[in-house]
Amino acid sequence: MDLRLSEKHSALQADLQAFITRYAAEAPKAGGGRKRPDARTLDWQKRLVEHGYAARTVPRAYGGFGAELDVVELAVIADAFVQAGVHPGLSNQGISMLVPTLLEVGTEAQRQEWIGPTIRGDVIWCQGYSEPGAGSDLAAAQTRAELKDGHFIVNGQKIWTSSAHYADMMFLLCRTEPDRPKHQGLSYLILSMKTPGIEVRPLRTMTGRAEFNETFFTDVKVPAENIVMGRGQGWHVANITLKHERLMLGDSNRLTQRLHKLTEMLQRLEVGGEKLIAIPSLRDRLLQLQGEVFAWRAHGLRLLTDQSRGVDSGLRRLITKYGATMLCFRLSSLAVDALGTAGLPYEVESETVEGDEATTWHVDHFYDIGLIIGGGSSNIQKNIIGERGLDLPREPKMIGVAAGRN
Amino acid sequence: MEFDLSEDQRLFGESLSGFLQDRQPLEALRRMAEPGSGFDAGLWDGLTELGLHGLLVPEQFGGAGLGVLDAAAAAEALGGTAAVVPFAASTVMATLALLRLGSPAQQAAYLPGIAAGEIRIGVGFAGRTGQTGPAEARLDGTRLSGRISGALDAGAPTHLLVCLPDGRAVLTGAAEAGVSVSSHRTIDRTRPVADLVFDGAAAEILGSSNRGPAALASVLDAGRVVLAADTVGAAQTMLDRAVAYAKERAQFGRVIGSFQGVKHACADMATMLEPCRAMVWYAAHAQDSIPAEARLWACQVKAHVGDVGREVARISTEVHGGMGFTDLLGLHYWFKRIAFNRQALGGPERCRHDAAVEQGWIVA
Ligand SMILES: Cc1cc2nc3c(=O)[nH]c(=O)nc-3n(C[C@H](O)[C@H](O)[C@H](O)COP(=O)(O)OP(=O)(O)OC[C@H]3O[C@@H](n4cnc5c(N)ncnc54)[C@H](O)[C@@H]3O)c2cc1C
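What comes next concerns the included structure. (Residues numbered from 1 in each chain as written. Chains lettered and ligands numbered in written order. Predicted model: local features only at pLDDT ≥ 70, side-chain atom pairs only at ≥ 80, totals over all residues. Heavy atoms only, no water.)

**Points about the overall build of chain B**
Reasoning step 1: Check the secondary structure of chain B and you find 13 helices and 10 strands.
Reasoning step 2: In terms of overall dimensions, chain B has C-alpha extents of about 75 × 45 × 40 Å along its principal axes.
Reasoning step 3: The buried share among the 364 residues of chain B stands at 63%.
Reasoning step 4: Summarising the internal contacts of chain B: among those between residues at least 6 apart in sequence, 74% fall at separations of at least 24. (Helix = DSSP H or I, 4+ residues; strand = E, 2+ residues; numbered from the N terminus. Buried < 20%, exposed > 50% of the residue type's maximum accessible area, 1.4 Å probe, protein only. Contact = heavy atoms within 4.5 Å.)

**Remarks on unusual backbone geometry**
Residues and elements named next belong to chain A.
Reasoning step 1: Within the chain, W160 stands out as a residue other than glycine whose phi angle is a positive 60°.
Reasoning step 2: Mapping W160 onto the fold places it in the loop between strand 3 (151–159) and strand 4 (169–175).
Reasoning step 3: Taking the relative accessible area as the measure of exposure, W160 reaches 46% and is therefore partly exposed.
Reasoning step 4: With a phi angle near 65°, S163 is a residue other than glycine that sits in the positive phi range.
Reasoning step 5: In this fold, S163 is placed in the loop between strand 3 and strand 4.

**Examining the nonpolar core**
Where a protein is soluble and globular, its nonpolar side chains tend to be buried together.
Reasoning step 1: Counting residues in hydrophobic clusters, the biggest one holds 156 residues, and the most contacted among them are B:L16, B:F87, B:F125 and B:L161.
Reasoning step 2: Top contributing element to this core by residue count: helix 8 (residues 212–248) of chain B, with 19 residues. (Core = buried A, V, L, I, M, F, W, Y, C linked by side-chain atoms within 4.5 Å.)

**Structural notes on the environment of A:H260**
Reasoning step 1: When you line up the elements, A:H260 lands in helix 7 (residues 252–268).
Reasoning step 2: On the accessibility criterion, A:H260 (33% relative accessible area) is partly exposed.

**Overview of the site of the ligand**
Reasoning step 1: Around the ligand, 20 residues are found, and the nearest of them are A:S130, A:S136, A:W160, A:S377 and B:Q260.
Reasoning step 2: In this structure, an oxygen atom belonging to the ligand sits 3.2 Å away from a side-chain N or O atom of A:Q93.
Reasoning step 3: One of the side-chain nitrogen or oxygen atoms of B:Q260 is found 2.7 Å away from a nitrogen atom of the ligand.
Reasoning step 4: For the ligand, the protein covers 67% of the area, taking 960 Å² as the surface of the free molecule.
Reasoning step 5: Sorting the residues of the shell around the ligand by element identifies helix 11 (357–373) and helix 12 (378–389) of chain A as the ones contributing at least two each.
Reasoning step 6: Of the residues that constitute the shell around the ligand, the class distribution is six nonpolar, 14 polar and no charged.
Reasoning step 7: Shared between two domains, the shell around the ligand takes at least three residues from each, and those domains are domain 2 (125–232) and domain 3 (250–389) of chain A. (Near = heavy atom within 4 Å. Polar contact = N/O pair within 3.5 Å; in protein donor to acceptor, adjacent residues only side chain to side chain. Areas by Shrake-Rupley, 256 points an atom, 1.4 Å probe, with all protein chains shown as cover. Nonpolar A, V, L, I, M, F, W, Y, C, P; charged D, E, K, R; others polar. Domains from an automatic or database assignment.)

The following block contains the structure:
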């Protein structure tokens, strides 16, 4: 056990302090994702990449900073931005999910073309996985892609496609081998959202904003070379992406950041001349949540050590998406309870308007439920924890149901 | 940066677990636990050989000179096997009290005996932990009088360590005139609590100490961390047994672990419990090396692990069905171990109160 930073890491920490002191005024407001980044955010992102505080381990050839992977460095960087409450750079589906996937299994040409603009925030991606008939059972996806004259011709429908209304590109899970068993008949394509035949219909969510969409495909032509790995390997690629999505959703830094915000608010706001933190029932809930966040923070350090040793964390990794998203919801629950009736006025018609404190908490509170469902719902996570983490037997398959592709 | 037990710490925990599983199979556990004194001479001597009692005693006094993290790794093994052995109070808290408050002469007088397994110190901290029950002790010169309930590791003590309301600590012989120890079997037959009654008993103050209150608080903190570690070990055993049972017990023509209700219950236990282990390590490491965070983490770990322990204990028992509720299966030893740890040295509510005071959210 040694939590001291090495000389190299202390030096990095000092550099970060200096960087933040010098440039923090140029940073966009922390938070405020889920919309196309504005010019200020893009400038900030470019500055971060230049200094190696974003896309640090992405090779220089692809527009990154080109540092050797050192997970402690990444943690030091993340921590510096959390502690300072400064925008840590973009984290979207392209950066957090597609880029690592291309680095792992993309072709050289795909990496050359897409990684650079994605990490700079110039190209926004959406994830075309879920369909009306294929949510938790993602491998049941039916959107078809047929290879004809050097192009895949895509027909079908995706749903819950976050950001599709402003995304430039999509990574798509579709069925190219309809005669193969369901998991083996899928492929993973990347395509421009400007391709003719794509229609995006926004779906308003419970937050009041239209954060996700229905996406329809009618004879959409995708060049054959836009497949990632081979035909029939889409399930494998999709799972690489999902692993990164779940790690992002299970990141304990988000919890720590939430806890800071919440604690600060309870210490600042008063009701009837009394600070909220002085009200025993609110304070006690805060203390309980603090204990839980501490546990996940320590757990995050343990995962970090696993990573830097190249050890697969197994069960320790599998629990993070479920654990962290549930706790996130309870943190925002306390915030909205503390705000009470004064926090109820709520106007969010537009995605680009930043809310006041109460509205922001309510948006988070709604969105937290979305994150409990998205990326594999809690029930699905618990299946995975039970079956892959604890080696419990799978549910027996029912005979005669959903025959055909199963 | 490395967040893990060291190879030595892991190996020590494993050898301790191995030894205890070997020496304390369920039938032996029943036999050792029945008297309820929390002490078994044979087991104690074996653990002396393994070096358990001198873990925190400096090498110059015959111990291993290790820290609270090592003690936490050991406690996880003790909780995991529901070991019938005094530890959190007698081995960790008493040793730390001597190290932090004792004079050099007192250290030289007691620490070698602790390491050699000849001295076992019951600890009465009741007045500082928020435990229920009487906690009145007063000192006239060197004569101790009063009554302290809920003393830990006092089933077969050679000495007693008692804290006074003013934050000083005093030590007496358990067999001194004017000392009476009534040890009670508790719900957890592996560890008792004792009522201590003093009537002008000869006592020595630890150190001359003005360092009293803060040093004593740090001793309490270490005790809380070690009890939390014990709970993590006990809860892990309960989870492991539930998972094993779920793979083997069949109903409706399939093993129960294939039912989502059971599978998800196991997943919930794992999701709650696994981060607690890292939390205990961090809290224990803070005791050794991060003074600024030590107190807050000690309070929080005791509170949070206490809550998780209770949930895991309930769910695991439930997964076992009627078997879980029997004495025959013996699962209840771990359930009760966890229940004891939850209350001892202050339950979650009291610990969170202390955490609030520590952060200046309320005035003590
Ligand atoms: C905010 C948000 C953003 C999203 N963004 C995207 C995106 O960008 N791209 C994309 O492709 N998708 C996206 N999704 C979709 C998301 O991945 C799916 O909603 C999710 O996988 C669940 O699928 P479903 O909605 O069809 O629900 P269903 O699969 O119908 O599930 C309904 C309920 O049944 C339960 N259930 C289903 N199967 C089982 C089982 N085997 N055992 C136990 N319980 C079960 C689920 O847990 C859930 O509670 C998003 C969703 C949300 C909420």
